[in-house]
Amino acid sequence: MDNKEFRKYAHELVDWMADFLENVESYPVRSQVEPKDIIKQLPEAPPAVSESFPEIFADFERIIMPGMTHWQHPSFHAYFPGNASPPSLLAEMLTATLGAQCMIWQTSPAAAELEEQMMNWLREMLGLPAGFTGVIQDTASTATLCAMLTAREKASDFRVNQQGFYKEPTYTIYCSEQTHSSIEKGVKIAGFGKEHLRKIATDENFALIPEALAKAVADDIAAGYHPLCVIATIGTTSSTACDPVVPIAEICRAHNIWLHVDAAFAGTALILPEMKHYTEGFKYIDSFVFNPHKWMFTNFDCSAYFVKDPAMLVRTFEILPEYLKTKEGSQVNDYRDWGIPLGRRFRALKLWFVIRTYGVEGLQKAIRKHITMAQEFGEWITASPNFELLALVNFNTVCFRLIPSDSMPAEAVDNLNEQLLENLNNSGKIYLTQTRLNGIYTIRIVIGQTNVEQRHVDAARSLIATEADRLLASLNE
Ligand SMILES: *Cc1c(COP(=O)(O)O)cnc(C)c1O
């Protein structure tokens, strides 16, 4: 493809992109295809000779589009959002065009320095402690793994990097039983072993019980283990529960344990003055992660990882072969030493475009609107005789279920709710997902898509109510 063709198709694609965003509501939210529907339409072998862009694009529309679930649909209420926004898309076009590898300062000084400043902006916006330094990672899973690895090197005085776990005490890691699965994955990758991850009990609001943590730490010390790291969550994935950071930090300080805060989703809400109380105790934490790629309108991937002591992070990861040496040395940040991959995309650009386009006040307004709509949805659930609210609405996620009568057996209630969720998602009009809280099958609705308006939430309400009535009527037949 020469530049003349590129220009022509690029113009056409921009129109396609704008049309798509304008008409996104006409697509089913959750893709309605069956397993293997897509792959059976793809040739088994790559083409030996060139194909034209119109042919390729026609196949994109015909084969690929029906197999897409639409995360940018305003009625996407599943998981947590993966929000994009127009300024973020524009930045991604430039990032792809520049195609730079931003591994060290010299390989694109502007990328390194913009990243440094965007992390400073985010630190101020969220109200993180002044001394914190940030770096963009691909995902929260990676950032949390980096926290565990740095904690490991700090505790072992860099012996594990040098000689492996040989001669080390047995390290133990702590999180709540509601913690995201990435913590267990990180524990396995970092070499601690799943057996040494302690999942601490939670209270009636699904928040870690500090007394239970203190006891687990004391028991482990008595048994000869070395408590290494605690992962506290602000906004768990199931129900957006918040672990109490202040008492957890006290336990960590008393035993010299690394404290990492995972706020992958809810971290964005910390830009609101009314949410700043969640940062109480943050001056005692060692690291923090949140994903602008979830709720902050910055498309995947963009995870903001903050540390109190960047030197410790860099010492954990740095490696300096001859071919990567530069004369700038310590005046600049070479981000390849701040995480796992060497190659890095220019991700700060989209943050810069997004924050400038919305302004901090614009971001606050959008986030606050989502939270208000969710609170009202929660009130509607509470007021509805057939529905039950199953967790606090701390942010913009509502956990609920249909409960026709107190006499219905637990398993039948679970099945009924599973059926309700399936019917809703099969409609293509809305997409919700489930979790289990206290063993109960729970439907989650997250109101946080970039383009979600009150009318979408109203439509969700009436769809859920109608579908529930239909199911209940069929029970009585
Ligand atoms: C989404 C989520 C993660 C994982 O985020 P990735 O960026 O996909 O790795 C981790 N923790 C919490 C609390 C989350 O909500």
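Residues numbered from 1 in each chain as written. Predicted model: local features only at pLDDT ≥ 70, side-chain atom pairs only at ≥ 80, totals over all residues. Heavy atoms only, no water.

1. Structural notes on the side chain of Gln364
Mapping Gln364 onto the fold places it in helix α12 (residues 348-383). On the basis of relative accessible area, Gln364 is assigned to the buried category, the value being 16%. (Helix = DSSP H or I, 4+ residues; strand = E, 2+ residues; numbered from the N terminus. Buried < 20%, exposed > 50% of the residue type's maximum accessible area, 1.4 Å probe, protein only.)

2. Side note on the environment of His260
Relative to the helices and strands, His260 is located in strand β5 (residues 258-262). His260 sits in the buried class, given a relative accessible area of 0%. In this structure the C-alpha to C-alpha distance between His260 and Pro109, which are 151 residues apart in sequence, comes to 30 Å. Separated by 3.0 Å, the side chains of His260 and Thr144 make a polar contact. (Polar contact = N/O pair within 3.5 Å; in protein donor to acceptor, adjacent residues only side chain to side chain.)

3. So, the pairing of strand β4 (residues 226-233)
Counting buried residues along β4, seven of its eight residues qualify, which places the element largely inside the surrounding structure. Two elements, β4 and β5, share five bridges in a ladder whose sense is parallel. Bridge assignment links Thr233 to a residue of β5, and that residue is Asp262. Between the parallel elements β4 and β5, the chain passes through helix α9 (residues 245-255) in a crossover that is right-handed. (Pairing = 2+ DSSP bridges. Right-handed = clockwise from strand over helix to strand, strands pointing away.)

4. Focus: the site of the ligand
Around the ligand there are 13 residues in total, and Ala140, Ser141, Asp262, Asn291 and Lys294 lie nearest to it. Residue Ala140 places a main-chain N or O atom 2.8 Å away from an oxygen atom belonging to the ligand. With the chains in place, 88% of the 390 Å² that the ligand exposes on its own is no longer accessible. Contributing elements (two or more residues each) for the shell around the ligand: α5 (140-155) and α10 (292-295). Looking at side-chain class alone, the shell around the ligand contains three nonpolar, eight polar and two charged residues. (Near = heavy atom within 4 Å. Areas by Shrake-Rupley, 256 points an atom, 1.4 Å probe, with all protein chains shown as cover. Nonpolar A, V, L, I, M, F, W, Y, C, P; charged D, E, K, R; others polar.)

5. Comments concerning the sheet that holds strand β8 (residues 387-389)
The sheet built from four strands is open, its strands ordered β8-β9-β11-β10 with antiparallel pairing. Each edge of the open sheet carries a strand with a single partner, namely β8 and β10 (433-437). Direction aside, neighbouring strands of the sheet carry axes that sit 40° apart on average. Both β8 and strand β9 (residues 397-402) contribute to a ladder of three bridges, which runs antiparallel. When the bridges of β9 are listed, Leu389 appears paired with Phe400. Sheet strands in contact with helix α13 (residues 410-426) are β8, β9, β10 and β11 (440-446), and its direction is about 30° off that of β11. Lying over the sheet, helix α14 (residues 454-475) contacts β8, β9 and β11, oriented at roughly 20° with respect to β9. (Axes fitted to C-alpha atoms, helices over the stretch in contact; angles between N-to-C directions. Contact = heavy atoms within 4.5 Å.)

6. A short note on the nonpolar core
Leu122 and Phe288 are the most contacted members of the largest nonpolar core, which totals 62 residues. Elements with a contribution of two residues or more to this core: α4 (109-126), α8 (210-222), β4, α9, β5, β6 (287-290), β7 (303-307) and α12. It is α12 that provides the largest number of residues to this core, a total of nine residues. The next biggest cluster of nonpolar side chains, apart from the first, holds 33 residues, and it includes Leu145, Val187, Ile231 and Val332. (Core = buried A, V, L, I, M, F, W, Y, C linked by side-chain atoms within 4.5 Å.)

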